[in-house]
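# Topology and contacts: notes
Residues per chain are reported as follows:
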Amino acid sequence: MSMAANTISTASATAAISADNPVIWTLLTVGQILLVTVPLLIIIAFLIYGDRKIFAGVQMRKGPNVVGPFGLLQSFADLGKFLIKELIIPAGADKFVFLLAPLISVTLALGSWAAMPLAPGWVVSNINVGILYLFAVSSMGVYGIIMGGWASNSKYPFLGALRSAAQMVSYEVSIGFVIITVILLSGSMNLTRMVELQAGGFWNWNILGGGLRNLPLALVMIPMGVIFFISGLAETNRPPFDLPEAESELVAGYAIEYGSTPYLLFYLAEFSNITLMSGLMAVLFLGGWQAPFPTAGLTAHWPQTLISLFGLFWLALKTFLVFFMNAMVRSVVPRYRYDQLMRLGWKVFLPTSMVAVALVAGWRVYAPAVIG
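Residues numbered from 1 in each chain as written. Predicted model: local features only at pLDDT ≥ 70, side-chain atom pairs only at ≥ 80, totals over all residues. Heavy atoms only, no water.

### Re a nonpolar patch on the surface
Together, Val-30, Leu-34, Val-38, Ile-42, Phe-46, Phe-70, Leu-72, Leu-73, Phe-76, Leu-79, Leu-83 and Ile-84 give the surface a local cluster of nonpolar side chains, amounting to about 1100 Å² of exposed area. Of all the secondary-structure elements, those providing two or more residues to the nonpolar patch are helix H2 (22-58) and helix H3 (74-84). The biggest single contributor to the nonpolar patch is H2, with five residues. Mapped onto the elements, Phe-46 comes out in helix H2. Phe-46 gets classed as partly exposed once you look at its relative accessible area, which sits at 36%. (Patch = residues over 30% accessible without salt bridge, like charges linked within 9 Å, V, L, I, M, F, W, Y side chains within 5 Å. Areas by Shrake-Rupley, 256 points an atom, 1.4 Å probe, with all protein chains shown as cover. Salt bridge = Lys/Arg side-chain N within 4 Å of Asp/Glu carboxyl O. Helix = DSSP H or I, 4+ residues; strand = E, 2+ residues; numbered from the N terminus. Buried < 20%, exposed > 50% of the residue type's maximum accessible area, 1.4 Å probe, protein only.)

And the structure:
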């Protein structure tokens, strides 16, 4: 209750500042955005390093180990390489759209983090329809890929863009139905509220039904968590669903003609979306910033900043765990054929998630009367 009051009072104070001085409000908002974006970019650099090390470990290689201690600075060396490379635009390309496409992709990818609750009271925009905002903005990311493939004026990029559009639309449908099951459990589309309702221990997490009274729903929500995880791989064009850039048939898909900074922006957008889906998995199913054990007595006398940092630690730990699973799937699962990809999305995930929505809705309506 005090957390909600704190959020409301902060919002009221910000509104008062905006009414008195729009310049100060703008500076505060930009500061909030930078406080999320800059650490996020640094974390993504190390996640790329971790992804490569995990891939190397599975293949019994060392991976990046030259630049910096244990190769930790490899991503920053790659950044420098991309920035100083010559920017080449194909002669027949639509130059404006060609350069606009990666900007759209990276803007939408980073903009999605605005509604992501990182810790108690730590969210750039605590909107009541946060989950819809995330779903809408992430869905628009396909436009950048389509524009990049079309503007390149080449057959392989265009085929990769078409594949990406079909793939992302197919799996967004399943993700939407999975999210509906979580909304039915929480009774809210506010991501912060969803996390608050999962407090008190891991048995209150949505993946186990959201409380001991709803424990039978674990039989529905665990498969929903698995479907969300796999659909997230397909949504972000992640192996084994990286058909839009399958090197065996499309060379590099929609990014063939890109190099230098525009390619870097596409790559950054892809990894930002991967990190977002990992964090969203943690928020929707694994309790977000909530610890897996009751903490009411432990944090009762802690200052608010320390409570927020404690919550941030748990969210980061869960996000890294989901990302590790993501990296392991990339390392050990062979690429799907395109017909297998479509069949999995439309004939398996879609019917399963629709049945799950009906089961969760039925439980929410009739279980209270039966259980009492």
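After presenting the structure, the write-up continues.
### Digging into helix H6 (residues 141-151)
Among the residues of H6, those classed as buried are Gly-141, Val-142, Gly-144, Ile-145, Gly-148, Gly-149 and Ala-151. Where the residues of H6 are buried, they touch helix H4 (95-111), helix H5 (130-139), helix H7 (155-186) and helix H11 (260-285). Note on H6: the residue one or two positions beyond its end, Asn-153, has a positive phi of about 55°. (Contact = heavy atoms within 4.5 Å.)

### So, unusual backbone geometry
In this structure, the amide linkage connecting Pro-239 to the following residue, Pro-240, adopts the cis form with an omega of 10°. Tracing the chain through its elements places Pro-240 in the loop between helix H9 (218-235) and helix H10 (247-250). Backbone geometry at Phe-70 places phi at a positive 60°, although glycine is not the residue there. Tracing the sequence through the fold places Phe-70 in the loop between H2 and H3. Residue classification places Phe-70 among the exposed positions, given a relative accessible area of 67%.

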